[in-house]
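# Overview (structure and organization)
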Amino acid sequence: MDKYICIHGHFYQPPRENPWLEAVELQDSAYPYHDWNKRITSECYAANEASRILDGDGKIEQIVNNYEKISYNFGPTLLNWLRDNAPDVYASVVDADKTGAGRFSGHGSAMAQAYNHLIMPLANEPDKITQVRWGIEDFRAHYGRDPEGMWLPETAVDTASLEVLAAHGIKFTILSQRQAGAVRPLDGSADWEDVTGAKIDPRMAYLAELPSGARISLFFVDDSISHAVAFKKLLDRGDVFANRLMDGLDMETDAPQLLHIATDGESYGHHHRGGDMALAYALKVVEEKEGVHITNYAEYLEKFPPQMEVKIIENTSWSCVHGVERWYRDCGCNTGAHPGWNQQWREPLRNAMDWLRDRLAEEYEAEAGRLFKDPWEARNRYIRVILDRSPETRGTFFREVVRSPRGLDPTQSIRGLKLLEMQRHALLMYTSCGWFFDEISGIETVQVIQYAARAIQLAGEVLGKDFEGGFLNILKKANSNIPGHRNGRVVYDKFVRPSMVDLGKVCAHYAMSSLFEEYGENTSIFCFDARKEDYKNEVSGRAQAAAGKSGITSRITLDSSRFCFAVVHMGDHNFFCGVGTPKEASEYQNMAGKLFEAFNRSDFPECFRLLDHHFENQYNLSSLFRDEQRKIIGQVLEPTREEAETSFRQMYQYHSPLIRFLVSTNNPVPWALRTAADVVVCSDLQKEFAKLPPDAGESARLLEEARTHGVRFDERTLEFVLRKTIEDLAGAMVQEPGSLEALENLRRTLEISRNLPFAVNLRKTQNLANMILRGPYNGQKDKAESGDK
C-alpha cells in the first residue's frame, strides 16, 4: 500500500502591537526593517510563498509556493497583521488552502489555532471556550470555511481542552509523541499498552474517547525528525531532509502509514537561512518517489480513520519536558542563552495575572450582565467586531447580544465596548511567550504585562475601580535577573507605564506632530481619529508655536473627548506641550493670543509660564509615539548630522592620500581617519544606491575608493537601500515589460550589486522577473523571432 508524508508548519509570532495603539511600533533590534514582523516576513513567510528549487548549476529551476504542499497554521494575530501589512503574502497563504483542497481530496491544508496562544491547560473553562470560538471565527473570516483541525499552542493539552475542541466540531489536533500515555485497538482485541516515553507509533491516527462521550482524533508527530529539523541542521540540505523523511517509513509493510513532523514554521527561512529551499526541494524529491505521496492530516484521516484508541498524558506540551510548568514556575526550561539566570519570576507573574483575571471576570459578569443577555456569550461573539470594526458589524453584534429591545444608547455602547476590550486584553495577557523566555524584562514578557495594564486601565475607566495596586503588589515578588530592573514592579514602571496612552496623550501627539506635517480636518492616528476644530501656528527662525482645539475619538471603544492645546518647539529636541479640557471660547482665545504675542517677541519664559498656567498636563518629545518620535528626531538632527558629516568630509579629503598610503602598506589607519573614511564613502554610496537608477560609473568609482581606503561598509544599510532600488526598477519593468530603458536600468543596477563585497537579497526581484518570464516574455520573444526589431 502507498505511503504518505505530511509536514506541518506552525507559523506564529508573539503579538507585538502596542495595546493602546493597536499597531506595531518601531523595533530597533529588527534593523534595517521597521519591526520583527516585517523582518521575519521577508526571511520566512514571503520566502515560503515563492521558494526556489535550484538546478545542478545553482540556477533557479522553479519558484514554488510551499504552503500549497504542507499542512500549516498561522497564529490569528500574525495572520491579521499579514493581511494589513503584507497583502501579497497573505493572499498566497489563503489561496494555498484552496489549492490544497484541490490537491488533497477536498481538504484544505490550513488549521485553526486557539486564538492568542495561551496555554490551554492553565486556562479556566470560559477562557478555553473563548479561545476556541475566536480561533474558529477568525479562521472562517480568512479561509471562508470551517476548520477541521486546530493547533493547541505549544501542543499543551489536557482532557478539558480536548472536550472544548470536540464540542466545537474540531476533528483533530497534533501532539508530540511524549504526550501519549497508553494505546489499545478500537476493536477491543487487546488491553491498554503503556507507551509513555515517546514509544507510541507516530505513523497513524489515534482516537481519544472523552468523558463526555465525544471523540477527537489525535496525530503524534515523529519527535526525532521534528527535533532534527528545528535544532539539528537537517535543513542544511534538501536531499538529506527528504531521505530522512522517507527513511521513517516502513516500505516492507502493506499497512497504511503517515510519516509526519511538526515544527515552528519559522524554521523554514528565519531560524535556518535557506530552510524554505530545503523544504521545497524535499517536497519535490518526495513527490517523485514512487509509492509515496504528500498529504495533509484531514485527507489522511478521511482515507484511513483511526484503528487505535489513545489516552493522553494530562498537562503536557512539546516544549517543556516537565509538562506545562514552563508557563507558571521555574522548572529549569529556558533558552540556555544566559547561564546563571533563573526563572523564579514566572510564578509570581502567573499569580498576578490570575489574580487580575479573576477579579475582572467577577466585575465583568456583574456589569456586562446589565447590558448583555449573556456576558460570556457576548465575549465569545465579540471576535466578529475585533475582525471588522465597521459600524455595520458593531451594530449587528449589539443587536444580537444586548438585553434591552431598545438597544444601547451611545454611552452604554462605549461602556459595553470597554468591558469587552477589558476582557480581550485579559486574554491577551496570557499569551504564552510571556513565560517562555529567560527574563521578566524581555520584550515578550513586557508585552503581556502591557496587556494587563491596558485591562487595568479600562477597568478603571468603566468600573471606577483601581486594580493596579493589587496587581503590582504581587508582581513585585517577581525578581529580575538584571540588578537594575530589580523586580516586576520596577519593570512595570520602566517599560509599561511610559507606553500607556489616553486620549489626552493622543492629543499631545497630534499637537507636536502638527508642527512637522499638515493635518486636514480629520486625521487618523493609529486607532484614533483626530478632528481639527481650531488651529494656528507660527514660525520664528528655528522655533515654532501652535495652539488649537481638537476632538479625539477611539475607533476601538468609541470613547471621545475634546481638548485644547498649545505647543512650543525651541529647535532640536526642546518641545513643550500643554493639553487640557476645552476652555470657554474667550479664555482659549485669550491664552492663544498671549502665547503668540510672547512667541513673536521671543519671550519664551512667558510662553512656558502660560503653558504651566493654562494646562493640567504637560508633554515633551518623549511623549510622542515611537515612529513619529523617531521621524521628528531625524528631522531635528538633520542639520547636526550634516554638520558632523561636513567635518568628517573635510578631514577625509585632506588626509585621503595618507589613508591610501597606510592601507597600501598594511599600516594601521588611526581610528579617527578610518571613521572619517567610513562615514563619507558609505554616505555617498547610500545616496547613490537610492537613486532610480544609480549611476553605474559613479558607483564603480565609489567602490574603488572604498577598496583603496580600506572602508568598512555599513553592509546592512547599503544592502537594504540597493535591494529596494533594484526592486523598484524591477517593478517598473513589470509595469512596462516592453521598455528597453527599464530593462537597461535594471541590468546596469544588477551589475553594480554583483561588484559588491557583500550579497544583495534579490528574492523579490527574481519573483518579479519570473512574472515577466511567465507572462510578457514569450510574446516579446515571438515578435523578435518574427523579425520585429
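The residue numbering used here restarts from 1 in each chain and proceeds along that chain's sequence as written. Residue-level local features of this predicted model are given only where pLDDT is at least 70; pairs of side-chain atoms are given and counted only at 80 or more, and the full residue set underlies all totals for whole chains, interfaces and linings. Where side-chain values are given, they derive from all heavy atoms of the structure, hydrogens and water being excluded.

Here a strand pair is declared whenever DSSP counts at least two bridges between the two strands. Starting at the N terminus, helices and strands are each numbered in turn, a helix being any DSSP run of H or I of at least four residues and a strand any DSSP run of E of at least two. Sheet architecture is open: six strands sit in the order β7-β11-β10-β14-β8-β9, paired in mixed fashion. One side of each edge strand has no neighbouring strand; the edge strands of this open sheet are β7 (172–176) and β9 (193–194). Where β7 meets strand β11 (residues 215–221), five bridges bridge the pair, whose relative direction is parallel. Opposite Ser176, over in β11, you have Val221 as the bridge partner. Residue contacts follow a heavy-atom distance rule, with two residues in contact if any of their heavy atoms lie within 4.5 Å. The convention used is that axes are lines fitted to C-alpha atoms, helices contributing only their stretch in contact, and that angles between N-to-C directions extend from 0 to 180 degrees. Lying over the sheet, helix α5 (residues 159–167) contacts β7, β11 and β14 (308–312), oriented at roughly 120 degrees with respect to β11.

This paragraph deals with the packing of aromatic side chains. Side-chain rings of Phe, Tyr and Trp, where Trp is taken by its six-membered ring, are said to pair if the distance between their centres is within 6.5 Å; with planes under 30 degrees apart they count as stacked, over 60 as edge-to-face, and otherwise as tilted. Within the structure shown, the criterion is met by 33 aromatic pairs. Taking 4.9 Å as the distance between ring centres and 45 degrees as the angle between the ring planes, the aromatic pair formed by Tyr300 and Phe304 counts as tilted. By the burial criterion, Tyr300 is buried, and Phe304 matches it. Taken together, the ring pairs in this structure connect Phe11, Tyr45, Tyr67, Tyr72 and Phe74 into an aromatic cluster. Working rule: Lys NZ or Arg CZ, within 6 Å of ring centre, within 35 degrees of ring normal, means a charge sits over the ring. Lying over the aromatic face of Trp435, Arg350 brings its terminal NZ or CZ to 4.3 Å of the ring centre. The ring of Phe596 carries the charged tip of Lys536 above its face, separated from the ring centre by 4.7 Å. Between buried and exposed lies partly exposed: a residue is buried under 20% and exposed over 50% of the maximum accessible area for its type, with that area taken using a 1.4 Å probe on protein chains only.

This next bit is on the sheet that holds strand β17 (residues 543–554). Spatially, six strands are ordered β15-β16-β17-β18-β19-β20 in an open sheet, and the strand pairing comes out antiparallel. The sheet is open, and its two edges are formed by β15 (522–525) and β20 (617–619), each paired on a single side. Each neighbouring strand pair of the sheet contributes to a mean axis angle of 30 degrees, computed without reference to strand direction. Helix-sheet contacts for helix α21 (residues 604–614) involve β17, β18 (560–569), β19 (575–580) and β20, and the interaxial angle to β18 is about 165 degrees.

Below, the discussion takes up the nonpolar core. Definition of nonpolar core: a set of buried residues of the types Ala, Val, Leu, Ile, Met, Phe, Trp, Tyr and Cys, connected through side-chain atoms within 4.5 Å. Judged by nonpolar contacts, the single largest core of 173 residues is most densely connected at Phe241 and Phe471. It is helix α16 (residues 443–463) that contributes the most residues to this core, twelve residues altogether. Each residue touching Phe471, except ones within four places of it in the same chain, is listed here: Ala352, Met353, Trp355, Leu356, Ile449, Ala452, Ile456 and Tyr492. Grouped together as the second largest cluster of nonpolar side chains are 29 residues, Leu673, Val680, Val711 and Leu729 included.

We now examine the packing of helix α25 (residues 715–735) against helix α27 (residues 763–774). Relative orientation of the contacting elements α25 and α27 amounts to 10 degrees, with a least axis distance of 9 Å. Judged by the inter-axis angle, α25 sits roughly parallel to α27. On α27, the residues that touch Ile726, Glu727, Ala730, Gly731, Met733 and Val734 of α25 are Lys764, Thr765, Leu768, Met771 and Ile772. Side-chain classes are defined by residue name, with Ala, Val, Leu, Ile, Met, Phe, Trp, Tyr, Cys and Pro counting as nonpolar, Asp, Glu, Lys and Arg as charged, and the others, Gly among them, as polar. Looking at the contact of α25 with α27 residue by residue, the class counts come to seven nonpolar, two polar and two charged. In these notes the angle categories are as follows: under 35 degrees is roughly parallel, over 145 is roughly antiparallel, 65 to 115 is roughly perpendicular, and the rest is oblique.

Turning our attention to the packing of helix α7 (residues 238–247) against helix α8 (residues 275–288). Closest axis-to-axis distance for the α7/α8 pair is 8 Å, and the angle between their directions is 50 degrees. Judged on the interaxial angle alone, α8 and α7 are oblique. α7 and α8 meet at a crossing whose hand is right-handed. Between α7 and α8, the residues in contact are Gly238, Asp239, Phe241, Ala242 and Met246 and Ala278, Leu279, Tyr281, Ala282, Val285 and Val286, respectively. Taken together, the residues of the contact of α7 with α8 break down into nine nonpolar, one polar and one charged. Put simply, a crossing is left-handed when the front helix is turned counterclockwise from the back one by less than a right angle, and right-handed when it is turned clockwise.

Counting buried positions along helix α19 (residues 503–513) yields eleven of eleven residues, so the element is predominantly enclosed. Within α19 the residues assigned to the buried category are Leu503, Gly504, Lys505, Val506, Cys507, Ala508, His509, Tyr510, Ala511, Met512 and Ser513.

Right, let's talk about the side chain of Glu266 for a bit. Its location among the elements puts Glu266 in the loop between β12 (257–264) and α8. One buried charged residue, Glu266, forms no salt bridge at all, with the nearest opposite charge on Arg16 at 8.0 Å. Under the rule applied, a polar contact is a pair of N or O atoms within 3.5 Å (in protein, one hydrogen donor and one hydrogen acceptor; residues adjacent in sequence only if both atoms are side-chain atoms). Polar contacts involving the side chain of Glu266 include one to the main-chain amide nitrogen of Tyr12, which spans 2.9 Å. Once residues within four sequence positions are removed from consideration, Glu266 is found in contact with His10, Phe11, Tyr12, Gln13, Ile40, Cys44, Tyr45, His271 and His272. We score Asp and Glu as negative and Lys and Arg as positive, and we do not count His or the chain ends. A pair is scored as a salt bridge if a Lys or Arg side-chain nitrogen falls within 4 Å of a carboxyl oxygen belonging to Asp or Glu.

Time to look at unusual backbone geometry. Between Tyr31 and the following residue, Pro32, the backbone shows a cis peptide bond with an omega angle of 10 degrees. In this fold, Pro32 is placed in the loop between β1 (3–11) and α1 (36–49). In this structure, the amide linkage connecting Leu692 to the following residue, Pro693, adopts the cis form with an omega of -5 degrees. Structurally, Pro693 can be placed in the loop between α23 (671–689) and α24 (696–708). A positive phi angle, close to 70 degrees, is found at Leu558, a residue other than glycine. Mapped onto the fold, Leu558 is located in the loop between β17 and β18. The exposure class assigned to Leu558 is partly exposed, which follows from its relative accessible area of 27%.

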